[in-house]
Amino acid sequence: MQDDLIPQEIRTVYADYINDVIQLEATRKPTDGLLGFGKKAGDDPCHDRFASRLEQELNALATETPSSETVSAVLHFVFNAPNEHKELKLAFWMLQAVSGLTEKLIVFLSPQDAADLLESFSELYPKRIRLPVQQKIAKLLNEQAGERGVKKRRGLNDLFKGADR
């Protein structure tokens, strides 16, 4: 992945959101939201603002008919963000949820880039732990990859014969 292919606006949206969440966690009181009183950190408008801004930037990118390399870099960036910010519990789930906003970009991927992205996506989000939005993204990546995305399943007969993967 080449960072210079990721539009600065998208990087700025993420940086602003991470800074907002860090500030939110720093100023949060231990009793906020306790027993339904006070302000819950999860209800802060920064989360909706982040999703809205990211959607605008991804829509703008889609209207420019981006190259497969640019889309691949952006999708890698979006899909890796939750793992890069695991320590921010308030941001973690939102960073995963916004991956659904990328579906309009998948059509710009070449079959090979889609297959490569599907492979790294599957390592980040194994089938057994995928959220519904991630299942949808994996399906779209697989469809875009075509034959490159379909991996041959090993049968019991292959195991006994010692066939390689």
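Residues numbered from 1 in each chain as written. Predicted model: local features only at pLDDT ≥ 70, side-chain atom pairs only at ≥ 80, totals over all residues. Heavy atoms only, no water.

Asker: Help me understand the overall build of the protein, please; the structure alone is not making it clear to me.
Answerer: From N to C terminus, the protein includes 7 helices and 0 strands. Reading the helices (α) and strands (β) of the protein from amino to carboxyl end gives α-α-α-α-α-α-α. Counted over contacts in the protein with a minimum sequence separation of 6, partners at least 24 positions apart contribute 78%. In the structure as shown, the protein presents an accessible area of about 10,200 Å², 51% of it carried by carbon and sulfur atoms. (Helix = DSSP H or I, 4+ residues; strand = E, 2+ residues; numbered from the N terminus. Contact = heavy atoms within 4.5 Å. Areas by Shrake-Rupley, 256 points an atom, 1.4 Å probe, with all protein chains shown as cover.)

Asker: Just to check I follow, could you spell out the packing of aromatic side chains for this structure?
Answerer: In this description, an aromatic ring pair is defined by two values, namely the gap between the centres and the angle between the planes. Evaluation of the coordinates by the stated rule reveals 6 aromatic pairs. On the basis of an interplanar angle of 75° and a centroid distance of 5.0 Å, the ring pair of Y14 and F77 is categorised as edge-to-face. Taken together, the residues span a long stretch of sequence, with Y14 in helix α1 (residues 8-27) and F77 in helix α3 (residues 68-84) at a distance of 63 residues. Of the two residues, Y14 and F77, neither departs from the other in class, the shared state being buried. Both rings, one in Y17 and one in F50, keep their centres 4.1 Å apart while their planes meet at 10°; by these two values the pair is stacked. (Phe/Tyr/Trp six-rings, centres within 6.5 Å; stacked < 30°, edge-to-face > 60°. Buried < 20%, exposed > 50% of the residue type's maximum accessible area, 1.4 Å probe, protein only.)

Asker: How should α3 be read in this particular structure?
Answerer: Quick reminder: α-helices carry 3.6 residues per turn. Residues three or four places apart thus point the same way. For α3, built from 17 residues, the straight-helix expectation of 24 Å at 1.5 Å per residue is met to within 8% by its first-to-last C-alpha distance of 24 Å. A large share of α3 lies buried, amounting to 13 of its 17 residues. (Expected span 1.5 Å × (residues − 1).)

Asker: How should the environment of T63 be read in this particular structure?
Answerer: Positionally, T63 belongs in helix α2 (residues 45-63). Overall, the relative accessible area of 66% leaves T63 in the exposed class. Between the C-alpha atoms of T63 and K104, which are 41 residues apart in sequence, the distance is 10.0 Å.

Asker: Even after reading the chapter, I still don't get empty space enclosed by the protein, so can you show me in this structure?
Answerer: Rolled over the atoms, a probe as big as a water molecule pinpoints where empty space is left. This structure, assessed with the given rule, holds 1 cavity of 30 Å³ or more. Surrounding the largest cavity, V13, D16, Y17, D20, C46, R49, F50 and R53 form its lining. Counting only elements with at least two residues in the lining of the largest cavity, the list comes to α1 and α2. Its residues placed into classes, the lining of the largest cavity shows 4 nonpolar, no polar and 4 charged. (1 Å grid on protein atoms, 1.4 Å probe; cavity = no way out; pocket = protein on both sides within 12 Å on 5 of 7 lines; lining within 4 Å. Points joined across faces, edges and corners; volume = space filled by probe spheres on them. Nonpolar A, V, L, I, M, F, W, Y, C, P; charged D, E, K, R; others polar.)

Asker: Quick question: what am I supposed to make of the pattern of salt bridges here?
Answerer: Close approach of charged atoms allows side chains with opposite charge to pair. Evaluated as defined, the whole model comprises 3 salt bridges. A salt bridge links R49 to D20, with the shortest nitrogen-to-oxygen separation between them at 3.2 Å. Taken together, the positions of R49 in helix α2 and D20 in helix α1 put the pair 29 residues apart, joining distant regions of the chain. Using a relative accessible area of 40% as the deciding quantity, one classes R49 as partly exposed. A salt bridge links K136 to E103; the shortest N-O distance between them is 3.4 Å. Remark: E103 occurs in the loop between α4 (89-97) and α5 (111-124) and K136 occurs in helix α6 (residues 132-145); sequence separation between them is 33 residues. Look at K136 and you get partly exposed, because its relative accessible area is 43%. Judged by relative accessible area, which is 32%, E103 ranks as partly exposed. (Salt bridge = Lys/Arg side-chain N within 4 Å of Asp/Glu carboxyl O.)

Asker: What is the right way to look at unusual backbone geometry in this model?
Answerer: Glycine aside, a negative phi is what most residues show, and trans is what most peptide bonds show. A positive phi angle, near 50°, is found at T65, a position not held by glycine. Considering the arrangement of structural elements, one finds T65 in the loop between α2 and α3. For T65, a relative accessible area of 56% corresponds to the exposed category.

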